[in-house]
Amino acid sequence: MLMASQAIVELKNVDKRYGENHVVKDLNLAINEGEFLSILGPSGCGKTTTLRMIAGFEQQSSGTILVEGEPVEDKEPFERNVNTVFQSYALFPHMTVFENVAFGLKMKRTARAEIRERVQEALALVQLEGFEKRYPSQLSGGQKQRVAIARAIINQPKVLLLDEPLGALDLKLRKQMQLELKRLQKRLGITFVYVTHDQEEALTMSDRIAVMHEGILDQLDAPSRIYDFPATRFVADFIGESNIFDGLASPQGKNIVVTTEAGRVLGQNSGGFEEGEQVQVSVRPEKLRFDSEAREGFDLEGTVRENIFVGTFIKSILLLSSGQEVVLTSLSGQAVPEEGRSYHLFWEPSDAVILHSRSQEIWSTIANVDLSGFSAEADASADAGSAETGGANAAPASAGAASASAASASATPAAASAPAAAHRQKARA
Amino acid sequence: MAKSGQSLGARVRNTAFSALVYLFLYAPIAVIVLFSFNTSRRNIVFEGFTLDWYGVMAGNTQLMDSLVNTLIVASCSTLLSVIIGSLAAVGMYRYRFRGRAAIDALLYIPVVIPEVVLGIALLSVFSLANVPLGLLSMIIAHATFSIPFVVFTVRARLSGFDASTEEAAMDLGANRLQVFSRITVPLIAPGIGAGAMLAFTLSIDDIIISFFTTGATSMTFPLKVMEMVRSGVSPDVYALSTIIILVTFAVVVTSQAIRYRHQKGQEHTGT
């Protein structure tokens, strides 16, 4: 992880509204010089809007954005010392590769000889020597992407903003470009702000990841910290796979006993938890263990519904007494639970992350609404709808004022994501 | 396979049908061209070949003046409608504003309204505003009915336009004017060109609106021909028509050749 002392881009209390739609909510984010920072989140979480506000294509509704310590509100995009790589590449179709890359220099009235030299350099950097005379329509997706990058770095910006630049490429090319981009960033020493919805991409490339969710910055941390210590239920769910148990906390020394609907479990006491507080326990599938004997502190049993072979590991789906499904992975060659058998489940208390549930209480209330009368079809359409309207019904997350009944200890079905549940609730009302 | 499977009879039928269509379309044009070389003044029989009528045509100052007037009106109204129409199309594409839908709908009115009505309307506006009838009033009138066509063609081009290219240019340091001249205009140029050609052709052969808005000294070619037809068409009009047909033909062939080359270039580049 690169540690730089100075923030090159700083967002202070930035809000963005489109009429009723509150897209970015009180965002505070300091981006360090020379770091590779990813803004990660599902579509509609405000990540692209954030990037566009830094570039100057959108104006924030309130708050301040500082680039190199100076507020940029009054600066047009062409006056800001940041450059952008667009999702659609946005190459100029009527210009050759050379002219595309040279555009930024031409606007700065650079001498012709210097333009030629620097375009060559930039093209060499993205391994596109010899493509100068081609038109964008004569290039493959990967080549277009490289031209877009060369064009954006030609003016040697302090910050390069990348808006899902690899989204249109196929998987293999995407993996290759990920490594190349990372290498390029190290070589140039430019700060990269990289917007993506692909958690794997963010984990692979970033020095730090900012996870956004319905306009709110959920967590800003190094990839390993984000994975191992998710700060919110959303982060735990969105990054990798997690088993999440809702329950009531009871701190006991270095551990916390959490009573869930499916039984008692243990987690490490990181402090700050109160007796009877509603919490969530998040456990990664690879940390979940099974045995025929019960373990000290755990009272959790599950029946294996099916085992799925997924290459290097085997994924077991277990059904708990509460009706919740959990996922357990075992490496190939290790002992695998038998289908149809019942096992005691446990984990190392230090492998479980316990999350304060306050800001999320509303979700669990909503998720606990009895939906048995609802058809699967209605659920599916509600889920699809939530992706688009996610921004609109985001407000409850920060409300925090949930009724006492919200603190009921019943478990949330792991599969149901909170916003989808919210939507279902709305549809029902 | 479908082709080779056709019977001889079917092929003959198809060919004959196509030939008839083209005969129907081009026979009148052929007649005009033919009679422009006729030694006889009456266009009933072809008596012999001559180029005399081209000389007569060149000597007919009234006819030549009307042609010059037509070209002036067509060029000026095209220029005017291209500028206004392109800007309108870009503005309506880029900005969402109150009344945008209304403006959109209103654009169709000059296209569908009977020309007689538009002609009378323009005439009354000009007399109300004290605009003297002449070349200027005709230029304005022609631009009026041409603008919607330019807006339509430019907007068709804009519908496939990636707005982020403009943002990219701005991101790279181009100010708004530079973005417009270096990115927007080159990208919508084919639409502007198509709109200009439409406007020009519409203006050149317009009679009805020209009839209402012309002045004593601003006779255009179609109006002049109309006038001459009353006393029988003389072959010098055929000669001028033949030249116009040739020029039109040249323009069409050139533009098709350019398009073909462009398409071939793109196919060649396709991956």
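Look up: the structure comes first, before these words.
What you are looking at is a predicted structure, and each value in this text was computed from that prediction instead of being measured.

What counts and what doesn't
- Residue positions within a chain follow its written sequence, with the count starting from 1.
- For naming, the first written chain is A and the first written ligand is 1, with later ones following in the order written.
- In keeping with the model being predicted, local features are shown solely for residues with a pLDDT of at least 70 and side-chain atom pairs are shown and tallied solely at 80 or more, while totals for entire chains, interfaces and linings include all residues.
- Side-chain measures were taken over the full set of non-hydrogen atoms in the model, leaving aside hydrogen atoms and water.
- Think of it this way: any DSSP run of H or I at least four residues long counts as a helix, any run of E at least two long counts as a strand, and we number them from the N terminus.
- Relative accessibility thresholds used throughout: buried, under 20% of the residue-type maximum; exposed, over 50%; partly exposed, between the two (1.4 Å probe, protein chains only).
- Working rule for contacts: check all heavy atoms of both residues, and any pair within 4.5 Å makes them a contact.
- Accessibility throughout is a Shrake-Rupley quantity obtained with a 1.4 Å probe, and a residue counts as covered only by protein chains that appear here.
- Only strands that DSSP links by at least two bridges are regarded as paired with each other.
- All axes are obtained by fitting lines to C-alpha atoms, using only the stretch in contact for helices, and the reported angles, taken between N-to-C directions, cover 0 to 180 degrees.
- Planes of paired rings set the category: under 30 degrees apart is stacked, over 60 is edge-to-face and the rest tilted, where pairs are Phe, Tyr or Trp rings (Trp by its six-membered ring) whose centres lie within 6.5 Å.
- As a reminder, the over-ring test applies to NZ of lysine and CZ of arginine, requiring each to be within 6 Å of the ring centre and within 35 degrees of the ring normal.
- Buried area is understood as the total, over both parts, of accessible area removed when two parts are fitted together, assessed with a 1.4 Å probe.
- Salt bridge, as used here: a side-chain nitrogen of Lys or Arg that lies within 4 Å of a carboxyl oxygen of Asp or Glu.
- Pairing of N or O atoms within 3.5 Å defines a polar contact, subject to two protein rules: one partner must be a possible hydrogen donor and the other a possible acceptor, and residues neighboring in sequence count only if both atoms are side-chain atoms.
- Nonpolar core, defined: a set of buried Ala, Val, Leu, Ile, Met, Phe, Trp, Tyr and Cys residues in which side-chain atoms within 4.5 Å join the residues together.

Trainee: Would you mind going over the overall build of chain A in detail, with residue names and values included?
Mentor: Per the secondary structure count, chain A includes 12 helices and 20 strands. Each of the 429 residues in chain A was classed as buried or not, and the buried ones make up 51%. Relative to all contacts within chain A whose residues are 6 or more apart in sequence, the contacts with residues 24 or more apart total 69%. Carbon and sulfur atoms form 49% of the exposed surface of chain A, whose accessible area is close to 18900 Å².

Trainee: If you had to explain the sheet that holds strand E1 (residues 7-18) of chain A to someone new, which residues and values would you point to?
Mentor: Residue and element names in this part refer to chain A. Sheet architecture is open: 4 strands sit in the order E2-E1-E4-E5, paired in antiparallel fashion. Where the open sheet ends on each side, the last strands, each with one partner, are strand E2 (21-32) and strand E5 (70-71). Where helix H1 (residues 47-55) meets the sheet, it contacts E1, E2 and strand E4 (62-67), and its direction lies at approximately 120 degrees from that of E1.

Trainee: With reference to specific residues and values, describe the packing of aromatic side chains.
Mentor: Enumeration according to the criterion identifies 15 aromatic pairs over all chains in this entry. Taking 5.6 Å as the distance between ring centres and 80 degrees as the angle between the ring planes, the aromatic pair formed by B:Phe211 and B:Phe212 counts as edge-to-face. Judged by its relative accessible area of 54%, B:Phe211 is exposed. Of the aromatic side chains, those joined through ring pairs into one cluster are A:Phe245, A:Phe298, A:Phe346 and A:Trp347. A cation over a ring is seen here: A:Arg151 above A:Phe92, with NZ or CZ 4.5 Å from the ring centre. The ring of A:Tyr227 is capped by A:Arg284, whose NZ or CZ atom sits 3.9 Å from the centre of that ring.

Trainee: Account for the interface of chain A and chain B, with residues named and values stated.
Mentor: If you look at the interface, chain A gives 27 residues, while chain B gives 21 residues. The junction of chain A with chain B conceals about 2100 Å² of combined surface from both sides, 61% of it contributed by carbon and sulfur atoms. Looking only at chain A, the three residues that lose the most surface to chain B are A:Phe78, A:His94 and A:Met107, adding up to 29% of its buried area. For the pair chain A and chain B, the interface holds 2 salt bridges. B:Glu167 is the salt-bridge partner of A:Arg52, the closest N and O atoms lying 2.6 Å from each other. The tally of links between chain A and chain B comes to 8 residue pairs in polar contact (both at pLDDT 80 or more). Going through the elements one at a time, H1, strand E6 (82-85), helix H2 (97-107) and helix H4 (141-153) of chain A are the ones with two or more residues in the side of chain A that touches chain B.

Trainee: Residues and numbers for the nonpolar core, please.
Mentor: The biggest cluster of nonpolar side chains holds 55 residues, and the ones touching the most others in it are A:Val9, A:Leu11, A:Ile31, A:Phe92, A:Phe103, A:Leu161 and A:Val193. Here this core takes 6 residues from helix H9 (residues 176-204) of chain B, the largest share from any one element. By size, the runner-up hydrophobic cluster in this structure holds 34 residues, among which are A:Val119, A:Ala150, A:Ala152 and A:Met205.

Trainee: So what's going on with the pattern of salt bridges? Which residues, and what values?
Mentor: Evaluated as defined, the whole model comprises 20 salt bridges over all chains. With a closest N to O distance of 3.9 Å, A:Glu70 and A:Lys75 form a salt bridge. A residue is classified by how much of its surface remains accessible, and A:Lys75, at 32% relative accessible area, is partly exposed. Here A:Lys182 ties to A:Asp207 by a salt bridge, and the two come within 3.6 Å at their closest N and O atoms. Of this pair, A:Lys182 sits in helix H5 (residues 171-188) while A:Asp207 is found in the loop between helix H6 (199-205) and strand E9 (208-213), placing the two residues 25 residues apart along the sequence. Considered together, A:Lys182 and A:Asp207 belong to a single accessibility category, that of buried residues. Through salt bridges that share partners, A:Arg52, A:Glu58 and B:Glu167 make up one connected network.

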